[in-house]
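Notes for the structure review
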Amino acid sequence: MASGDEGVLTLSIGVRVSPEPGAVELLKRYRLALNYAINRVLSLNLKTIKDAHRELYRELREWFGLPSRIALDCYRDALANAKAWRNNPHRGRRPRVKRLSMLLHHGSGYRIKDGYVEIIGGIRLKIIGWDRRYDQYENREARLVYRGGEMILWISKRIPRPKPYKPRDVIAIDINEKKIVYGNHEINEDIDTAVDRAYRWKILAESLQRRYSSPKYPAWRRRKAILNRIRSYHRKARNILEDWARKASLKIVRLAVKLQYALAREDLTGLVEALRKLPKDHRVKLIIMGYSRLEKWIDWQSAKHGAPLAIVDPRGTSSECPQCGSKLEESGYRRLRCPSCGFEADRDVVGKLNIRKRALKTLGISGGVLAPLTAPQMTDVNPNRWGEPMNRQ
């Protein structure tokens, strides 16, 4: 995944390498050193690299046996973790790193040569697989991660940000539990979500937890094989949703780029708070779907392809008439009708048209929002039940 700033985009390239025993042992020592450094940074209230170097460098080198450059990266990693914890308004106990992960600086911490990743300290990891599309861009900081018997080096790169084109219209995106509806006044496309497939794996994980639990003791926490299986089910659910979000966002953005249209989505920040009053099954499905995951991929794909993006206020997008702005009335299952102008359409079509209407105004694009009064009805989509805080009704 990636982030960006003005003029460039920052992305991570995964390089799969052989999990050598020496690298695994170094990762374990790094984790111990990192947790120690985080506690020291917080206890001594260290905030600068200079202060952290003075207090921690020698200890990390002598007590944990870290190579010189990795010791520097370790206390830099600790400063970043401590800063994130301090800035978290809901912080609890001090952060503790559990997974095996190590920050590496390019050149002095690692380098790639002759099909191997060479890490300071004499460790050589054979490259098994590598995305070579971005070889022409400079390697920057990387993070070596070991999980589930696999070792991956995630290398940070910076690529030029494409210059956004001037859009002729807008592809609006309306997100629901069962489907994503996208298009404009002429285009009406939808993509099934993966929430039901992911939810099945979550149910399997929870059934295992109940089977190996008693009112007094959750035995699954102590039985390593059961715990690993539960974790694998949760990981499978996350992977399904991540893969779906990546592919769905790419499909939508490619359509926008082909037509030279902008993209528009709702600002769903704070949606989790609005879901608390929903029925449990419906609420859980919406939460595991992770709207922020899809938003993240839409934003990234639009930036990567140079597609302009508008983020609009979600209030009233499913209750206002896109033609005259009057309040719509129910006229059937997921059908809405305007008592003022007679406009009638499916709820998701209404939401899509209102998102487009607001995006056109935001982007300064002239264009109507008229849609056929007989827009196709989608009867296999659950109603949007957002709760009171979002004021969507």
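Look up: the structure comes first, before these words.
Source: prediction; values computed, not measured. (Residues numbered from 1 in each chain as written. Predicted model: local features only at pLDDT ≥ 70, side-chain atom pairs only at ≥ 80, totals over all residues. Heavy atoms only, no water.)

1. A short note on the overall build of the chain
Which entries qualify depends on this criterion: Helix numbers and strand numbers start at the N terminus; a helix is a DSSP run of H or I with at least 4 residues, a strand a run of E with at least 2. Classification of residues uses two cut-offs on accessible area relative to the type maximum, computed with a 1.4 Å probe and protein chains only: under 20% is buried, over 50% is exposed, and between them is partly exposed. The contact rule is simple, with two residues in contact once any of their heavy atoms fall within 4.5 Å. All accessibility values rest on the Shrake-Rupley procedure with a 1.4 Å probe; residue burial counts only the protein chains present in the view.
A count of helices and strands for the chain gives nine helices and 16 strands. For the chain, the residues scored as buried account for 45% of the 393 residues in total. Within the chain, contacts between residues at least 6 apart in sequence are counted, and of these 69% link residues at least 24 apart. Accessible surface for the chain amounts to roughly 20,900 Å². Of this, 49% is attributable to carbon and sulfur atoms.

2. Things to note about a positive patch on the surface
In plain terms, the rule: Any residue with relative accessible area above 30% and no salt bridge may belong to a patch, with like charges joined within 9 Å and the nonpolar Val, Leu, Ile, Met, Phe, Trp and Tyr side chains within 5 Å. Criterion for a salt bridge: a side-chain nitrogen of Lys or Arg within 4 Å of a carboxyl oxygen of Asp or Glu. All tallies of charge rest on Lys and Arg as positive and Asp and Glu as negative; His and the ends of each chain are not included. By convention, the point assigned to a charge is CZ for Arg, NZ for Lys, CD for Glu and CG for Asp.
A contiguous patch of positive charge, built from Arg93, Arg96, Lys98 and Arg231, is present on the exposed surface. Looking at the secondary structure, you find Arg93 in the loop between helix H3 (68–87) and strand E3 (100–104). Judged by relative accessible area, which is 80%, Arg93 ranks as exposed.

3. Comments concerning the pattern of salt bridges
Between side chains of opposite charge, a pair can form when the charged atoms approach closely. Under the counting rule described, the total for this entry stands at 28 salt bridges. Glu55 is the partner of Arg54 in a salt bridge, and the nearest nitrogen-oxygen pair spans 3.7 Å. For Glu55, a relative accessible area of 27% puts it in the partly exposed group. Put simply, Glu242 and Arg293 hold a salt bridge, and the shortest N to O gap is 3.0 Å. Of the two residues, Glu242 is situated in helix H5 (residues 224–259) and Arg293 in helix H8 (residues 291–305); the sequence distance between them amounts to 51 residues. Overall, Glu242 belongs to the partly exposed group, its relative accessible area being 22%. Given a relative accessible area of 16%, Arg293 falls into the buried group.

4. With respect to the sheet that holds strand E16 (residues 344–346)
Definition in use: Any two strands with at least two DSSP bridges between them are considered paired. Axis lines are fitted to C-alpha atoms, over the contacting stretch for helices. Their N-to-C directions set the angle, which ranges from 0 to 180 degrees.
With antiparallel pairing, three strands are arranged side by side in an open sheet as E14-E15-E16. Whereas interior strands pair on both sides, the edge strands pair on one side only; in this sheet they are strand E14 (329–332) and E16. Strand after strand, the sheet turns through a mean of 35 degrees between neighbouring axes, direction not considered. With three bridges connecting them, E14 and strand E15 (residues 335–337) associate as antiparallel partners. Among the inter-strand pairings, Gly332 is bridged to a residue of E15, identified as Arg335.

5. As for the pairing of strand E10 (residues 179–183)
Buried residues dominate E10, accounting for five of its five residues. Burial along E10 is two-sided: Lys179, Val181 and Gly183 and Ile180 and Tyr182, pointing in opposite directions, are all buried. Two elements, strand E9 (residues 170–175) and E10, share four bridges in a ladder whose sense is antiparallel. From the neighbouring strand, Ile175 faces E10, where its bridge partner is Ile180. Hairpin connection between E9 and E10: a loop of three residues separates the two successive antiparallel strands. With five bridges connecting them, E10 and strand E11 (residues 188–192) associate as antiparallel partners. Looking at the pairing, Val181 lines up with Asp190 of E11. What sits between the antiparallel neighbours E10 and E11 is a turn of four residues.

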